[in-house]
Amino acid sequence: MSKNREKKVVLVTGATGVMGFETLKELSQRLDRFDIRLLVRPSKKNRKKLAPYLSMEEITTIWGDLTRAGDVEKALGNADIVLHIGGMVSPLADHYPDLAMKVNTGAVTNIVNAIKRRPDADNVRLVYIGSVAQTSHRFEPHHWGRTGDPIMAGVYDYYGISKIKAERIVAESGLKHWVSLRQSGILHRGLIFNGSDPISFHVPLRGVLEWATVEDSARLMANICEDGVPESFWRNFYNIGSGKEFRLTNYRFEQLLMTALGCPPPEKVFEPNWFATRNFHGEWYEDSDKLEEIVPFREKITAEDYFKRLAAGMPWWINLTPLAPARLIKFGMKQVALTKGLGTLDWLRREDCEQKIRAFFGSREAWSKIPGWEEFDTTPPSDVPIRLDHGYDENKPAEELGIDDMRGAAAFRGGKCLSDSMTMGDLDSPLEWECAFGHRFRATPRTVLKGGHWCPECLPAPWNYDEEARRNPFMAQVWHDSHNPDENEVYE
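Since the model is a prediction, treat every value here as computed from it, not as a measurement. (Residues numbered from 1 in each chain as written. Predicted model: local features only at pLDDT ≥ 70, side-chain atom pairs only at ≥ 80, totals over all residues. Heavy atoms only, no water.)

(A) Broad picture of the packing of aromatic side chains. Within the structure shown, the criterion is met by 23 aromatic pairs. Between Trp 144 and Trp 284, the ring centres sit 5.5 Å apart and the planes meet at 75°, which makes this aromatic pair edge-to-face. With Trp 144 in strand β6 (residues 144-145) and Trp 284 in strand β13 (residues 284-285), this residue pair connects regions lying 140 residues apart in the sequence. Trp 284 shares its class with Trp 144; the two are buried. Where Tyr 158 meets Trp 463, the ring centres are 5.1 Å apart and the plane angle is 85°; that geometry is what we call edge-to-face. Here Tyr 158, found in helix α6 (residues 158-171), pairs with Trp 463, found in the loop between α17 (445-450) and α18 (465-471); they are 305 residues apart in sequence, far enough to count as distant. Looking at Tyr 158, the relative accessible area reads 30%, which means it is partly exposed. Three or more aromatic residues joined by ring pairs form one cluster here, namely Tyr 156, Tyr 158, Trp 463 and Tyr 491. (Phe/Tyr/Trp six-rings, centres within 6.5 Å; stacked < 30°, edge-to-face > 60°. Helix = DSSP H or I, 4+ residues; strand = E, 2+ residues; numbered from the N terminus. Buried < 20%, exposed > 50% of the residue type's maximum accessible area, 1.4 Å probe, protein only.)

(B) A look at α6. For α6, spanning 14 residues, the distance from its first C-alpha to its last is 20 Å, which sits close to the expected 20 Å at 1.5 Å a residue. Among the 14 residues in α6, 11 count as buried, and that is most of the element. Listed as buried for α6 are Tyr 159, Gly 160, Ile 161, Ser 162, Lys 163, Ile 164, Ala 166, Glu 167, Arg 168, Val 170 and Ala 171. Here α6 starts with a cap whose side-chain oxygen sits 3.3 Å from the backbone nitrogen of Tyr 159, and that cap is Asp 157. (Expected span 1.5 Å × (residues − 1). Polar contact = N/O pair within 3.5 Å; in protein donor to acceptor, adjacent residues only side chain to side chain.)

(C) Up close: the nonpolar core. The biggest cluster of nonpolar side chains holds 99 residues, and the ones touching the most others in it are Ile 36, Leu 83, Leu 181 and Met 221. Broken down by element, this core gets its largest block of residues, six residues, from helix α7 (residues 214-225). When near neighbours in sequence (up to four residues on either side) are disregarded, Leu 181 contacts Val 127, Tyr 128, Ile 129, Gly 130, Leu 220, Met 221, Ile 224, Phe 233, Tyr 238, Ile 240 and Leu 291. Formed by 26 residues, the second largest nonpolar core is a distinct cluster that contains Val 9, Leu 39, Val 72 and Val 108. (Core = buried A, V, L, I, M, F, W, Y, C linked by side-chain atoms within 4.5 Å. Contact = heavy atoms within 4.5 Å.)

(D) Local environment of the pattern of salt bridges. Scanning the entire structure with this criterion turns up 42 salt bridges. The salt bridge partner of Arg 219 is Asp 216, with a shortest N-O separation of 2.5 Å. Taken together, the residues span about one helical turn, with Arg 219 and Asp 216 both in helix α7 at a distance of three residues. With relative accessibility at 22%, the residue Arg 219 sits in the partly exposed group. (Salt bridge = Lys/Arg side-chain N within 4 Å of Asp/Glu carboxyl O.)

(E) Quick look at unusual backbone geometry. Here Glu 140 and Pro 141 are connected by a cis peptide whose omega angle stands at 5°. Along the chain, Pro 141 falls in the loop between β5 (125-131) and β6. Between Pro 460 and the following residue, Ala 461, the backbone shows a cis peptide bond with an omega angle of -5°. Topologically, Ala 461 is positioned in the loop between α17 and α18. Its identity is not glycine, yet Tyr 156 carries a phi of approximately 75°, on the positive side. Considering the arrangement of structural elements, one finds Tyr 156 in the loop between β6 and α6.

(F) Spatial organisation of the sheet that holds strand β15 (residues 431-434). On the basis of which strands lie adjacent, the open sheet formed by three strands has the order β14-β15-β16 and antiparallel pairing. Each end of this open sheet is capped by a strand with a single partner; those strands are β14 (416-417) and β16 (440-443). (Pairing = 2+ DSSP bridges.)

(G) Up close: the side chain of His 390. Note on placement: His 390 falls in the loop between α15 (364-368) and α16 (403-412). The exposure class assigned to His 390 is buried, which follows from its relative accessible area of 1%. Dropping the residues within four chain positions of it, His 390 is found in contact with Arg 146, Thr 147, Gly 148, Asp 149, Phe 412, Arg 413 and Phe 474.

(H) Structural view of the pairing of β16. Every second residue of β16 is oriented toward a common face, the buried set being Phe 441 and Ala 443 and the non-buried set Arg 440 and Arg 442. Here β15 pairs with β16 via four bridges, running antiparallel. Counterpart to Trp 433 in the pairing with β16 is Phe 441. Between the end of β15 and the start of β16, which pair antiparallel, lie five residues, with Gly 438 showing a positive phi angle near 90°.

(I) Spotlight on the pairing of strand β3 (residues 59-63). Pairing of strand β2 (residues 34-40) with β3, which is carried by five bridges, proceeds in the parallel orientation. Among the inter-strand pairings, Arg 37 is bridged to a residue of β3, identified as Thr 60. Regarding the hand of the β-α-β motif, the stretch spanning β2, helix α2 (residues 44-50) and β3 is right-handed. (Right-handed = clockwise from strand over helix to strand, strands pointing away.)

In structure tokens:
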């Protein structure tokens, strides 16, 4: 409990992870305004990482587990703000999908329930960290995205599914003060070592991502805890990105990373056909500047300078990398792509991975036609956003949206709004809906219109996106950018 109730009590989950630890470092510079509470698993590794903070009077550590309701309730206590950053993320979540689902949905359920049991629940602020993975691969010409776009995880992306389910729990919780911030890829020093994970080759070279630096993300978390955040900020969805300078193609990201480390360029150490051509998440955010306007958090720095900073902070042995011959680096990278189970080249040498090949390449034939570097197109896509249709008049003020708008939005999703009426402008009272497959469900207009969610029963697995896209024009806008409308594939 805070010894001075003039100070806010902030509960942070995930404090030993990349974004959570940087947030802890940022908050620890503001202990004149905040008392910090951490909920952390009691592992030897975590104790060692948090050692510098364990003796600080203003920081309290609760050793426990997010999946245990009692531990969460104890940690919440009298906290004013919950920064729920914790959870299983990629690449670990890709290796243990069942555990990722349990952790990511179980944790947020426990947090929401603990807040609801508080007599002053309306005063508690919950900041939930969502993911860019919730909107899957965005192919040209719809490589720009914004909140309200279709929610659909990539095929076989169980992490993405877990984040979709968890965000929906928050949005449908009925809490007065919640917000979902969809985190993009985070730039941090640990990325240097992620090249040894085969999912590095699941990323299409022509794909895009608006990265967020870990420092920007931490500043955002801390700044949300400060006074002055407007009431209108809450009960909404936002995309986290570090802005124009960090809107990169995946090829450009590889270029910057290799240059910063003093390594040969991508053309010397990779082959284009090692990389998937679709089915990985990533987009440039049309609306990430909106978050910066409400809660300023961005550092003014170029991507090039940021990568130089990353390289400058690397262990001494990383500096030996430029001494390695390009052919040796290329051999090592190929072995990663050949990793059994998750490696793209492993799928291609086996006969039992046709579904994976189809999901990430389209077909073996399509893979065979991927050109070499001499002909591979590395030019960036258009920097002019092409907006998706959300199925209702977005120029209408929220307070003027009514039942006819809901019916139109539902029809554009291939379904129906079954409710007879709604209070004009009330986006937070659940309505009855039906999807194109006849599933009935309840959801608030905010979750559907502003969040982009639709039928929870249609969530994979199996991934039946071809059939769904034929019935759901809203979803078809992005699915058919990289899939033939005549396909009829179900991915188990």
